[in-house]
Structure formats: structure tokens, C-alpha cells
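# Topology and contacts: notes
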Amino acid sequence: MPKEIILPSLSAGMEDAVIANWLKAEGEAVKAGDTLAEVETDKATMEFEADADGVLGKILTPAGERADVNAVIAVLLLEGEDASVLDGYTPGGAAPAETVEAPVEAAPVAKSSDKIAASPLARRIAAQKGVDLSGLSGSGPRGRIVRIDVERAAEAGAVALVAAAVKATAAPNLVGIGDYEEIPHTGMRRTIARRLLESKTTVPHFYLEADCDIEALMALRSQINEGREKADRISVNDFIVKAVANALAKVPAANAIWTDEAVLQLKSIDISVAVATDGGLITPVLRNADQKSLGTLSSEMKALAAKAREGRLKPDEYQGGGFSLSNLGMYGVKSFSAIINPPQSCILAVGAAEKRPVGRGDQIVLAPVMSVTLSVDHRTVDGAVGAQWLAVFKAGIENPMSLLV
């Protein structure tokens, strides 16, 4: 019997992907471990490998088309099989359609949740979130309902309620808008929209603002960069990353994640840094940022940003992170409030530095001042903790030598 090639979940939360390119053609021999295709997820393009030997018998999802996770995208002919076994083949059984016995379709569907194939964790989460298991399709082995199936159903229900309310109060009126070009949503854009809507409708945000005098930082940066090649120069953003890591080390309560069962106090300081790409925003992660020098952080950030823009990030390079940083200062934005990146509890929004009056002893002088806004999940981080973290961050920025020791 031929083997169905299933599109696996290549990253956390992946729901579908585009088959960017098939690297094997129909009729070509395949060995386990061979790269079959390049798959474009919402975050990056990754390679998909074969897990068995055989011959690629039929491609069901051509290059350029989208497929759902766990969908059959191709069929592999095993040893001793030829293309004739695919006559009348339909995905889901790896056998001619006429051989599928009708009684299977007529089998009664169990209505009791006790008879539904689901993991214990999925049952517990379903009970907490009020999700009916009988209406779900499982993505686990043999169609078993697992945790992510329940969480997606709960999220979809919340999003649907919000969307219905928005539609009822502010239905779009396209009359009189003139000519336009319709741009289909990419996987990344759909994911961004889904996560931002989830964050803004389910996370209780509050905001803390501060102004940072960066005159000393700019002077130290100039001194450090003297004689360096342009590609190796330290940026203001590198100092900001270092100050974020320093503040998280001193105020660890801000380095936390909310779950329905408990607050997860993170032991490592991993900072997600927003990078703008042609497809949308992505947040590669600087791991153990508090343990790295300013130069190391700068080099790693440059490399991650380049890979993000080229769509070459690996899942472990953008998944996770306990705190996010978004800097729009290079666009001349004075200040803004960023949306929290669930399940994280905080994100720091950084604006442009501009000359403003500041106190120097008994005098008022003009100095470069940078405005920052900390968005906080109030379920996890209280106002006093957020204020303490912001004070430590400001102190690090205004006394940059303290970040180097």
C-alpha cells in the first residue's frame, strides 16, 4: 500500500503552509532523509524531508499552492509498487476509492465526550475554556484531539465573537472608494492579524512611559565605533537591547508568561526583537541576552535580521522569547504603544531621539531625549513591578558605562 506524505507542523502554532518548491519530481526515487520540498510557513521557508524510501508517485499539492497541516500533499510508492496502485486513489486511505467499504461511512458517531479520542490535557483545557470536544477534528495520531486543537477552537470562538461584534457595528462600506488592487493575505499576514486581535481582545494592557536622556550613550557609542568598519558598528538599538536584558536581570518579575494555571517565571532572558520584512513583522530571539557582551549582541542581531528579511530563520530562532522590543525610532516616530506578543507579558516601544530641554544641575540645556513606552499584561505584571523595571532600564540607558561591566 502506498505511503501518504503528510504536511507536518514545522513550527509551533503552524496551521498551513505554501509548498514553495518540490525538489523531487513524480517518478523520482526518494530515500529517507532526502529533502522533498521547500515549505513556506508564516515565518520562514524550511525544508521538508522524506521519512521513508520509495518513489514519489503523485504530487497532490503543486508548488505555489497552500495546504493545511496534516493534509496529504503527495504519495510515496513503496518497494514493489508501481503507479497502477494509484488508479482511483483518494487522499485519506491510500487505496482506490471503490475499495473503501460503505459501512465505515455509516458508523454511528459517538456523542459522549468520554468516547471521543482526546488526550487528558486536551479534556482538561476544554473543560476550563468551555469547548465542546464533539465538534472538533483532532490533529494527533489517528485523529486524536490534542491540546493545540482545543486552544485553536477556543481562540477561534473568541475571535469569531469579536469579529461578529465589529461587523454588526462597523460593517465596511466599499461604495464610492474608487479603483483598487486586491492583495491576497499571505500566511504571515493572517498570523499577524490573528495574534494581534487575540492580544488586544484578551490581554488587559496598561502602559508606562519614560523619557531617556541619551547624550552619554551617544558619546560612548561614538567612542566605541571609532575606527570600526560600518558593518561592525554598534547601534543605539544594541544599547537598548543590552539595557532591556540588564533590567530583566534586576527585575525578574517582568520576565514572565501568563497561563490559565500559573504564572511562568522565566529563568533565561530571551529577548524578541521586531524586524520589518516585506511580508510583515517577525521577532527573532536573542537568547541569554544578559550573558552576552554588547558586541556579541550586535553581531547576533545583525545576522538574525538578515536571515529574517531573507525568510531563512529556523523555528528555534524566532519561537519563544520572554520579552519583546519594537523600535520605530529610525522612522522618525516620537512615541507609540506596542501590542503585547502573547504569551509574553511585556513589550517595549522605542521612539526617535530628538533635542529637548533637560535639566543639568541648575541649568536647562538641549539634549537628545528618547521616549519609550512599556506595554504590560496586568494579569502577570503589576504596575509597581512595571514601573520598577522601567526605572532600571532608564538608569541603564542614561548611564551606559554600567551596561559594559
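To start, this report covers the structure provided alongside it. (Residues numbered from 1 in each chain as written. Predicted model: local features only at pLDDT ≥ 70, side-chain atom pairs only at ≥ 80, totals over all residues. Heavy atoms only, no water.)

Turning our attention to the sheet that holds strand β6 (residues 54-59). Strand pairing in a sheet takes place through backbone hydrogen bonds and is either antiparallel or parallel in direction. The four strands are arranged β1-β8-β6-β3 in an open sheet whose pairing can be described as antiparallel. Bordering the open sheet on either side are β1 (3-6) and β3 (29-30), each of which pairs with just one other strand. (Pairing = 2+ DSSP bridges. Helix = DSSP H or I, 4+ residues; strand = E, 2+ residues; numbered from the N terminus.)

On to unusual backbone geometry. Here the bond from Pro342 into Pro343 is cis, since omega is 5°, no more than 30 degrees from zero. Inspection of the secondary structure puts Pro343 in the loop between β18 (323-327) and β19 (346-360). You will see that Asn70, though not glycine, has its phi angle at about 75°, which is positive. Residue placement: Asn70 occurs in the loop between β7 (66-68) and β8 (72-77). Residues other than glycine seldom take positive phi values, yet Asn288 does so here, at roughly 50°. Within the secondary structure layout, Asn288 lies in the loop between β17 (285-286) and α7 (294-309). Judged by relative accessible area, which is 29%, Asn288 ranks as partly exposed. (Buried < 20%, exposed > 50% of the residue type's maximum accessible area, 1.4 Å probe, protein only.)

Counted according to the given criterion, the structure contains 18 salt bridges. We note a salt bridge from Glu310 to Arg312, for which the minimum N-O separation is 2.5 Å. Taking the shortest distance from any N to any O, the salt bridge between Glu354 and Lys334 comes out at 3.9 Å. Here the residue Glu354 occupies a position in strand β19, and Lys334 occupies one in the loop between β18 and β19, the gap between them amounting to 20 residues. (Salt bridge = Lys/Arg side-chain N within 4 Å of Asp/Glu carboxyl O.)

We now examine helix α2 (residues 120-129). Burial in α2 covers these residues: Ala122, Ile125 and Ala126. The arc that holds the buried residues of α2, viewed along the axis, is 105°, so those residues lie on one side. Projecting away from the buried face of α2 at angles above 90 degrees are the exposed residues Pro120 and Ala127. Here α2 starts with a cap whose side-chain oxygen sits 3.1 Å from the backbone nitrogen of Ala122, and that cap is Ser119. Two residues or fewer after α2 comes Gly130, characterised by a positive phi angle close to 70°. (Arc of directions from axis to C-beta. Polar contact = N/O pair within 3.5 Å; in protein donor to acceptor, adjacent residues only side chain to side chain.)

Burial of β8 is extensive: six of the six residues sit out of reach of the surface. Note: β1 against β8, four bridges, orientation antiparallel. The residue of β8 that forms the bridge with Glu4 is Val75. The pairing of β6 with β8 spans four bridges and is classified as antiparallel. The residue of β8 that forms the bridge with Lys58 is Val75.

This next bit is on the packing of aromatic side chains. Within the structure shown, the criterion is met by two aromatic pairs. Between Trp389 and Phe393, the ring centres sit 5.5 Å apart and the planes meet at 10°, which makes this aromatic pair stacked. Taken together, the residues span about one helical turn, with Trp389 and Phe393 both in helix α9 (residues 383-398) at a distance of four residues. The buried category is assigned to Trp389, whose relative accessible area is 0%. Assessed through its relative accessible area of 0%, Phe393 is described here as buried. In this structure an aromatic cluster arises from ring pairing among Phe323, Trp389 and Phe393. (Phe/Tyr/Trp six-rings, centres within 6.5 Å; stacked < 30°, edge-to-face > 60°.)

It is worth spelling out the layout of surface pockets at this point. Computed from the structure, the second largest pocket encloses a volume of approximately 450 Å³. Together, 19 residues line the second largest pocket, and Asn237, Ala274, Val275, Arg309 and Met330 are the ones closest to its centre. Looking at the lining of the second largest pocket, the elements that each hand over two or more residues are α6 (236-250), β15 (275-277), α7 and β18. Ranked by residues supplied to the lining of the second largest pocket, first place goes to α7 with five residues. (1 Å grid on protein atoms, 1.4 Å probe; cavity = no way out; pocket = protein on both sides within 12 Å on 5 of 7 lines; lining within 4 Å. Points joined across faces, edges and corners; volume = space filled by probe spheres on them.)

Let's shift gears to the packing of α6 against α9. Where α6 contacts α9, the two axes come as close as 8 Å, and the packing angle between them is 135°. In this view, α6 runs oblique relative to α9, as classed from their interaxial angle. Like other packed secondary-structure pairs, α6 and α9 cross with a definite hand, here right-handed. Note on element contacts: α9 touches α6 through Trp389, Val392, Phe393 and Ile397, opposite Phe239, Ile240, Ala243, Val244, Asn246, Ala247, Leu248 and Lys250. Grouping the amino acids of the contact of α6 with α9 by side-chain chemistry returns ten nonpolar, one polar and one charged. (Axes fitted to C-alpha atoms, helices over the stretch in contact; angles between N-to-C directions. Parallel < 35°, antiparallel > 145°, perpendicular 65-115°, else oblique. Left-handed = near helix turned anticlockwise from the far one by under 90°. Contact = heavy atoms within 4.5 Å. Nonpolar A, V, L, I, M, F, W, Y, C, P; charged D, E, K, R; others polar.)

As a further point, take the pairing of strand β5 (residues 45-49). Alternating residues of β5 divide into Met46 and Phe48, all buried, and Thr45, Glu47 and Glu49, none buried. Here strand β4 (residues 35-40) runs beside β5; their pairing, made up of five bridges, is antiparallel. When the bridges of β5 are listed, Glu38 appears paired with Glu47.

This part takes up the environment of Glu26. Within the secondary structure, Glu26 sits in the loop between β2 (16-22) and β3. Each C-alpha atom, one on Glu26 and one on Ala74, is 9.4 Å from the other, the two residues being 48 residues apart in sequence. Once you skip the residues sitting within four places of it in the chain, Glu26 turns out to touch Leu56, Gly57, Lys58 and Ile59. A distance of 2.8 Å separates a polar atom in the side chain of Glu26 from the backbone nitrogen of Ile59.

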